[in-house]
Amino acid sequence: MRRILLALGLALLSPLVAEFLLGDFPLTYLHFLLLLAPTYGGAAVVIREVARRKGLGWPSIVLMALAYGVFEEGIMTMSLFNPDYAGQRLLDPGYVSALGIGVPWTLFVLALHTVWSMSVPIAVMEELAGERRTAPWLGRVGLGVATALAVLGAASTTLFSYQNGHFLASVPQLVSIVVIVVLLVVAAFRLPRPGRAAGRAPSPWLVLGAALVAGLVFELQTVIQGLPVWLTIAGLVAAEAGIAWAALTWSAREGWDGRHRMALAGGALLTYAWHAFFTRPLVPSSLWIDLASHLVFGLGAVALLVVALQRAKSNV
């Protein structure tokens with residue numbers, strides 16, 4: 001029962017972080033969790049369970065999380081190719097006609113799903129699991145149910161997105177997305193287990209600081225309006241490549257443990273928490289409801305991190 005509760009917690013935490021902590025939906029729309037959980041949560045559970053059953057490490061989990069992001073934005077919502085997605089002209093800055101994508105939007109939205117929608121919820125729930133952190137939580141039946149829910153969620157999201165905008169990407173674009181997703185998943189299964197590097201892992205506080213700085217650079221590209229396209233792209237690449245290099249390098253050193261993992265996850269969660277105050281939800285809501293929602297979800301994220309950190313410290 002505890003293992004099932006852990007999987008259920010991940011299924012709910014994923015959409016909570018992806019949509020509510022981000023600020024897309026306020027407290028008054030909390031019932032939307034039931035609609036979002038199959039898509040986000042189902043995918044997060046499947047990624048985590050498959051990785052742990054096969055003995056894969058975090059680089060493989062991140063690659064599968066990226067594959068999910070490519071699939072959602074390339075096929076489910078097709079926002080990578082829709083020039084008028086949600087009426088916001090997201091592809092106009094840095095548009096590459098040969099590919100039919102906007103480079104800043106592609107870098108931005110794929111990072112959102114890779115880091116926040118999938119990787120961070122998995123990391124937090126695994127630390128809360130204690131000694132069951134890397135053990136499978138579901139049996140074959142449970143994994144089958146999670147997979148079925150993920151497929152149902154993906155199909156529902158795809159249908160809803162098409163009915164909402166009646167946009168359909170070209171056949172070459174859709175085929176390219178399928179190929180990229182398959183290649184990412186195959187690469188995730190073929191990655192060698194990371195070995196140990198020389199030196200000791202830095203202080204968790206340094207890891208937290210690096211994650212916060214990367215999050216600040218990443219989100220400032222959306223908060224500050226009117227930046228040159230080249231500067232936006234440079235900022236996104238620097239933030240994503242910088243924190244990826246730091247995580248890969250530091251995690252291979254002696255002494256890396258759950259405190260460091262929670263420092264990375266904490267930096268990401270706190271980034272979403274402060275960024276939410278600069279956004280408006282996708283649904284009608286008052287400023288007071290928005291403010292209350294940001295405070296509740298932000299404090300909830302901090303409380304969850306504190307509990308997860310305590311669990312991590314007890315396992316050191």
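Residues numbered from 1 in each chain as written. Predicted model: local features only at pLDDT ≥ 70, side-chain atom pairs only at ≥ 80, totals over all residues. Heavy atoms only, no water.

A.B. asks: Describe in detail helix H4 (residues 103–128), supporting the description with residues and values.
C.D. replies: For H4, built from 26 residues, the straight-helix expectation of 38 Å at 1.5 Å per residue is met to within 8% by its first-to-last C-alpha distance of 36 Å. Of all the bends in H4, the largest measures some 40° and sits at Ser119, one to four residues before the proline Pro121. Burial analysis of H4 places 23 of its 26 residues in the buried class, the great majority of the element. Phi turns positive one or two residues past the end of H4, at Gly130, with a value near 65°. (Helix = DSSP H or I, 4+ residues; strand = E, 2+ residues; numbered from the N terminus. Expected span 1.5 Å × (residues − 1). Bend = angle between axes of the 7 residues up to and from the residue. Buried < 20%, exposed > 50% of the residue type's maximum accessible area, 1.4 Å probe, protein only.)

A.B. asks: So what's going on with the packing of aromatic side chains? Residues and values would help.
C.D. replies: For the structure on display, the rule yields eleven aromatic pairs. The interplanar angle of 35° and the centroid separation of 6.1 Å between the aromatic rings of Trp105 and Phe108 together place this pair among those described as tilted. Taken together, the residues Trp105 and Phe108, both in helix H4 and three residues apart, mark about one turn of the helix. For the pair formed by Trp105 and Phe108, the shared burial category is buried. Linked through ring pairs, Phe20, Phe25, Tyr29, Phe32 and Phe297 together constitute an aromatic cluster. Lying over the aromatic face of Trp137, Arg48 brings its terminal NZ or CZ to 3.7 Å of the ring centre. (Phe/Tyr/Trp six-rings, centres within 6.5 Å; stacked < 30°, edge-to-face > 60°. Lys NZ or Arg CZ within 6 Å of the ring centre and 35° of its normal.)

A.B. asks: With reference to specific residues and values, describe unusual backbone geometry.
C.D. replies: Most peptide bonds take the trans form, and the phi angle of most residues other than glycine is negative. Non-glycine residue Ala86 carries a positive phi angle of around 55°. By the secondary structure assignment, Ala86 is in the loop between helix H3 (58–76) and strand E1 (95–96). According to the relative accessible area criterion, Ala86 is exposed, its value standing at 56%. Phi is positive for Arg89, close to 50°, though the residue is something other than glycine. Residue position: Arg89 is located in the loop between H3 and E1.

A.B. asks: Summarise helix H1 (residues 2–21); cite the residues concerned and give the values.
C.D. replies: Every buried residue belonging to H1 is among Leu6, Ala7, Leu10, Ala11, Leu13, Ser14, Pro15, Val17, Ala18, Glu19, Phe20 and Leu21, and all of these are buried. Phi for Gly23, located one or two positions after H1, is positive at around 105°.

A.B. asks: I'd like to hear about the layout of surface pockets, residue by residue, with values.
C.D. replies: Here the second largest pocket defines a volume of roughly 1500 Å³. Lining the second largest pocket we find 46 residues, and of these Trp58, Pro59, Val62, Ala247 and Leu264 sit closest to its centre. At the level of elements, H3, H4, helix H7 (204–223), helix H8 (229–251) and helix H9 (258–275) are the ones that each hand at least two residues to the lining of the second largest pocket. The residue makeup of the lining of the second largest pocket, split by class, is 30 nonpolar, ten polar and six charged. (1 Å grid on protein atoms, 1.4 Å probe; cavity = no way out; pocket = protein on both sides within 12 Å on 5 of 7 lines; lining within 4 Å. Points joined across faces, edges and corners; volume = space filled by probe spheres on them. Nonpolar A, V, L, I, M, F, W, Y, C, P; charged D, E, K, R; others polar.)

A.B. asks: Describe the side chain of Ser161, listing the residues and the values that go with them.
C.D. replies: Here Ser161 shows up in helix H5 (residues 140–165). For Ser161, a relative accessible area of 18% corresponds to the buried category. For Ser161, the contacting residues outside a window of four places in its chain are Met76, Thr77 and His166. (Contact = heavy atoms within 4.5 Å.)

A.B. asks: Talk me through the environment of Gly165; I want residue IDs and the actual numbers.
C.D. replies: Here Gly165 is to be found in helix H5. Using a relative accessible area of 45% as the deciding quantity, one classes Gly165 as partly exposed. For the pair formed by Gly165 and Phe20, sequence separation is 145 residues and the distance between their alpha carbons is 23 Å.

A.B. asks: Give a detailed account of the nonpolar core, specifying residues and quantitative values.
C.D. replies: Leu21, Met118, Val124 and Phe218 are the most contacted members of the largest nonpolar core, which totals 74 residues. Element by element, the count of residues in this core is highest for H4, at 14 residues. The residues contacting Phe218, other than those within four sequence positions of it, are Leu107, Phe108, Ala111, Leu112, Trp116, Leu236, Ala239 and Glu240. (Core = buried A, V, L, I, M, F, W, Y, C linked by side-chain atoms within 4.5 Å.)

A.B. asks: Report on the packing of H7 against H9, specifying residues and quantitative values.
C.D. replies: Close contact between H7 and H9 brings their axes to 8 Å; oriented N to C, the two are set at 30°. The pairing of H7 with H9 is recorded here as roughly parallel in orientation. Considering how the two elements wind past one another, H7 and H9 form a crossing that is right-handed. On the side of H7, the interface is formed by Pro204, Val207, Leu208, Ala211, Leu212, Gly215, Leu216, Glu219, Thr222 and Val223, while H9 contributes Arg259, His260, Ala263, Leu264, Gly266, Gly267, Leu270, Thr271, Tyr272, Trp274 and His275. Of the residues in the contact of H7 with H9, the class split is twelve nonpolar, seven polar and two charged. (Axes fitted to C-alpha atoms, helices over the stretch in contact; angles between N-to-C directions. Parallel < 35°, antiparallel > 145°, perpendicular 65-115°, else oblique. Left-handed = near helix turned anticlockwise from the far one by under 90°.)

A.B. asks: Give a description of the pattern of salt bridges that names residues and reports values.
C.D. replies: Taken as a whole and assessed by the stated rule, the structure comprises eight salt bridges. The salt bridge partner of Glu126 is Arg52, with a shortest N-O separation of 2.7 Å. With Glu126 in helix H4 and Arg52 in helix H2 (residues 33–53), the pair connects residues that are 74 residues apart, well separated along the chain. Both residues of the pair, Glu126 and Arg52, belong to the buried class. Here the residues in one salt-bridge network are Arg48, Glu49, Arg52 and Glu126, joined through shared partners. (Salt bridge = Lys/Arg side-chain N within 4 Å of Asp/Glu carboxyl O.)

A.B. asks: Hey, could you go over the packing of H3 against helix H6 (residues 171–190) for me, with residue numbers and the actual values?
C.D. replies: For the pair H3 and H6, interaxial distance at closest approach is 8 Å and the crossing angle is 170°. Here H6 runs roughly antiparallel to H3, going by the angle between their axes. Residues Ser60, Leu63, Met64, Leu66, Ala67, Val70, Phe71, Gly74 and Ile75 of H3 lie in contact with H6, whose contacting residues are Leu174, Ile177, Val178, Ile180, Val181, Leu184, Val185, Ala187, Ala188 and Phe189. Tallied by class, residues from the contact of H3 with H6 come to 17 nonpolar, two polar and no charged.

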